[in-house]
Amino acid sequence: MIHNRGELLKGAFESGRTSLLDFLEVGLEAVKPGNLFKENISFKGGVLKVADLSYDLGKFGNVYVVGFGKASGFMALSLEEMLGDEVDDGVVVVKDMIVGLRNIKVVCGSHPIPDGKSVEASEKVLRFLEKAGENDLVICLVSGGGSALLSCPAESVNLGELTQTSELLLNSGADISEVNTVRKHISQVKGGYLMKKVFPATILSLIISDVSGNRLDVIASGPLVPDDSTFQEAVSVLEKYGIWDKVPDSVREHLECGVKCTIPETPKKGEDIFSKTKNIILADNWTAINAVKDKARELGFTTVVPSDLFTGDVSEVAKEHLVLIDEIQSNPSIGKPACLITGGESSVKVCGKGCGGRSQQFMLSIAEGISGKNVVAAAIDTDGVDGLSDAAGTIADGDTITRAEDKGLDIKRFLLENDSHTFFEKLGDTIKTGETGTNVNEVRIIICL
């Protein structure tokens, strides 16, 4: 799964790097849609079972499939393999085309910034859902990335204005809940609006979560669930990060209309449109973390797994990890080798013009702190794409800073320029997986030898 594994096994920490890459692959394997469907879903005698729910497909007029998100294409492959021709029709919105589906159509949107492809894909989904009737079952395949891939701006906001607002939000340092609060309130499909198109059909949503706490209204901006956020909160997010005056006039005017109640709020809990919907989370960040923990323990590592996921500014997340590393190294009661495993979703306020993503920026932020120590560390985005780079993440160890200095690389300059990918690429330490077909957010593994 790690395409450049051989290139990463080098130096004095080769053994530690080997274990670390093994653990990363275990974590990724645990959240692949194919494995998740086999473990959590069964279909026998015409009855589809997931969790404590059962659906006799013979009692429905039609079985439709709709999906959106980075994992939705491979979820569709797994579902169609299981159900065969029981699926009458379907459409999934993905980032890159996949092949192998028979009855489910594939359309491509754009990520992380929506464009015309995302809007066109959304329109196809909307037209498709119009044929779902009261006696039909719609199986929805939802994963992270759906916010950008499924995008249809509010009528008073055009595509260019939506794109500009998305870029400002993603570069502001806002967390995903805050970003999606704004997205939902300038959209025709997010924040429960899509459900208006599919009700009164029966809905079964199968979800791979990339959101800390598994908030259904945040995952893919919650197109099919009640929205807990408000127009006023969307305005507050833009003001908090100093971009209220930078977003297009149409966006401000639309949100102000919402605050004044001249346009309706997003659909809320208790509305009839949600009465025939069940949501099942098949996997989340903890699924990958726990798989790594079990493998590390099996191989004799002491495991340290904090009870909470790490969110917030990546520099602060890095500082918290350096404190944990020092505690592990200095505590004789923690047997070595020890494996610190964490997850979550950090945020980066982009100030420079470099290339990178949250995981690589995290690694750049801890590199000096582990210099000279008997430590090997890695961080990846489980979808295989960290920011706007071609890497999933990167690996570093106690020799990284020495190697960088030998090459004349000034780490402080790379940090200021948000150019983490270039820094680690020059060292040959970026982790390349390609798109993994899943998405449960960031996984960080730090081995203290």
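Located above this text is the structure these notes cover.
Here the structure is a predicted model, which is why all the values come from computation and not from measurement. (Residues numbered from 1 in each chain as written. Predicted model: local features only at pLDDT ≥ 70, side-chain atom pairs only at ≥ 80, totals over all residues. Heavy atoms only, no water.)

Peer 1: Break down the sheet that holds strand β3 (residues 53-56) for me, with residues and values.
Peer 2: A sheet is described by the order of its strands in space; here 3 strands give the open sequence β1-β2-β3, paired in antiparallel fashion. Where the open sheet ends on each side, the last strands, each with one partner, are β1 (41-44) and β3. Mean inter-strand twist for the sheet, computed between neighbouring axes without regard to direction, equals 15°. By the bridge criterion, 4 bridges tie β1 to strand β2 (residues 47-50) in an arrangement that is antiparallel. Paired with F43 across the two strands is L48, which belongs to β2. Strands in contact with helix α4 (residues 72-83) are β1 and β2; relative to β1, the strand with the most contacts, it is inclined by about 25°. (Pairing = 2+ DSSP bridges. Helix = DSSP H or I, 4+ residues; strand = E, 2+ residues; numbered from the N terminus. Axes fitted to C-alpha atoms, helices over the stretch in contact; angles between N-to-C directions. Contact = heavy atoms within 4.5 Å.)

Peer 1: Can you break down the pattern of salt bridges residue by residue, with the values?
Peer 2: Using the criterion set out here, one finds 30 salt bridges in the structure. Its salt-bridge partner being D429, residue R17 comes within 3.1 Å of it at the nearest N-O pair. Taken together, the residues span a long stretch of sequence, with R17 in helix α2 (residues 14-30) and D429 in the loop between α17 (420-427) and β15 (430-431) at a distance of 412 residues. Each member of the pair R17 and D429 is classed as buried. Counted as one network, the salt bridges with shared partners bring together K184, R215, D217, D227, E265 and K268. (Salt bridge = Lys/Arg side-chain N within 4 Å of Asp/Glu carboxyl O. Buried < 20%, exposed > 50% of the residue type's maximum accessible area, 1.4 Å probe, protein only.)

Peer 1: Describe the pairing of strand β5 (residues 89-94), with residues and values.
Peer 2: Two faces make up the sheet, and in a regular strand the side chains alternate between them. The buried fraction of β5 amounts to 6 of the 6 residues, a majority that puts the element mostly inside the structure. Because side chains alternate across β5, one face comprises the buried residues D89, V91 and V93, and the other comprises G90, V92 and V94, equally buried. Bridge count for strand β4 (residues 63-68) against β5 is 5 bridges, and the pairing is parallel. Note that in β5 the partner of F68 across the bridge is V93. The handedness of the β4 to β5 crossover, carried by α4, is right-handed. (Right-handed = clockwise from strand over helix to strand, strands pointing away.)

Peer 1: Could you give an account of empty space enclosed by the protein, naming the residues involved and the relevant values?
Peer 2: Inspection of every chain in the model, using the stated rule, returns 3 cavities of 30 Å³ or more. Quantified by volume, the largest cavity comes out at close to 80 Å³. Contributing to the lining of the largest cavity are V142, S205, I207, L216, I219, G222, P223, L224, V225 and N279. By volume, the second largest cavity amounts to about 40 Å³. Along its surface, the second largest cavity is lined by P114, S147, A148, S151, L162, S166, R183 and K190. Listing elements by their share of the lining of the second largest cavity, those giving two or more residues are α6 (146-149) and α7 (159-170). The residue inventory of the lining of the second largest cavity, partitioned by class, reads 3 nonpolar, 3 polar and 2 charged. (1 Å grid on protein atoms, 1.4 Å probe; cavity = no way out; pocket = protein on both sides within 12 Å on 5 of 7 lines; lining within 4 Å. Points joined across faces, edges and corners; volume = space filled by probe spheres on them. Nonpolar A, V, L, I, M, F, W, Y, C, P; charged D, E, K, R; others polar.)

Peer 1: Help me get a handle on the layout of surface pockets, residues and values and all.
Peer 2: Once rolled over the atoms, a probe with the size of a water molecule shows which space is left empty. The calculated volume of the largest pocket comes to roughly 1,000 Å³. Of all the secondary structure elements, the ones that give two or more residues to the lining of the largest pocket are α6, α7, α8 (176-184), β12 (338-347) and α14 (358-367). Ranked by residues supplied to the lining of the largest pocket, first place goes to α8 with 4 residues. Broken down by class, the residue content of the lining of the largest pocket amounts to 16 nonpolar, 19 polar and 12 charged.

Peer 1: Report on the environment of N135, specifying residues and quantitative values.
Peer 2: With respect to the helices and strands, the residue N135 is situated in the loop between α5 (116-129) and β7 (137-143). Classification of N135 by relative accessible area gives exposed; the value is 58%. Each C-alpha atom, one on N135 and one on K59, is 8.2 Å from the other, the two residues being 76 residues apart in sequence. Setting aside residues up to four positions removed in sequence, N135 forms contacts with F60, G61 and N62.

Peer 1: Tell me what's going on with the packing of aromatic side chains, and back it up with residues and numbers.
Peer 2: Per the stated rule, a full pass over the model turns up 4 aromatic pairs. Taken together, a centroid distance of 5.2 Å and an interplanar angle of 80° make the contact between F23 and F301 edge-to-face. Here F23, found in helix α2, pairs with F301, found in the loop between α12 (285-298) and β10 (302-304); they are 278 residues apart in sequence, far enough to count as distant. Comparing F23 with F301 shows no difference in burial state: the two are buried. For the ring pair F423 and F424, a centre distance of 5.1 Å and an interplane angle of 85° mean the geometry is edge-to-face. Here F423 matches F424 in class, with each residue buried. Here the aromatic residues F414, F423 and F424 are joined through ring pairs into a cluster of three or more. Sitting above the plane of the F414 ring, R413 keeps its charged end 4.4 Å from the centroid. Over the ring of F362 we find R444; its NZ or CZ atom is 5.4 Å from the centre of that ring. (Phe/Tyr/Trp six-rings, centres within 6.5 Å; stacked < 30°, edge-to-face > 60°. Lys NZ or Arg CZ within 6 Å of the ring centre and 35° of its normal.)

Peer 1: How would you summarise the environment of C339 if you had to cite specific residues and measurements?
Peer 2: When you line up the elements, C339 lands in strand β12. A relative accessible area of 0% means that C339 is categorised as buried. Look past the residues within four positions of C339 in its chain and what remains in contact with it is F23, A296, F301, T302, T303, V304, I445, I446 and I447.

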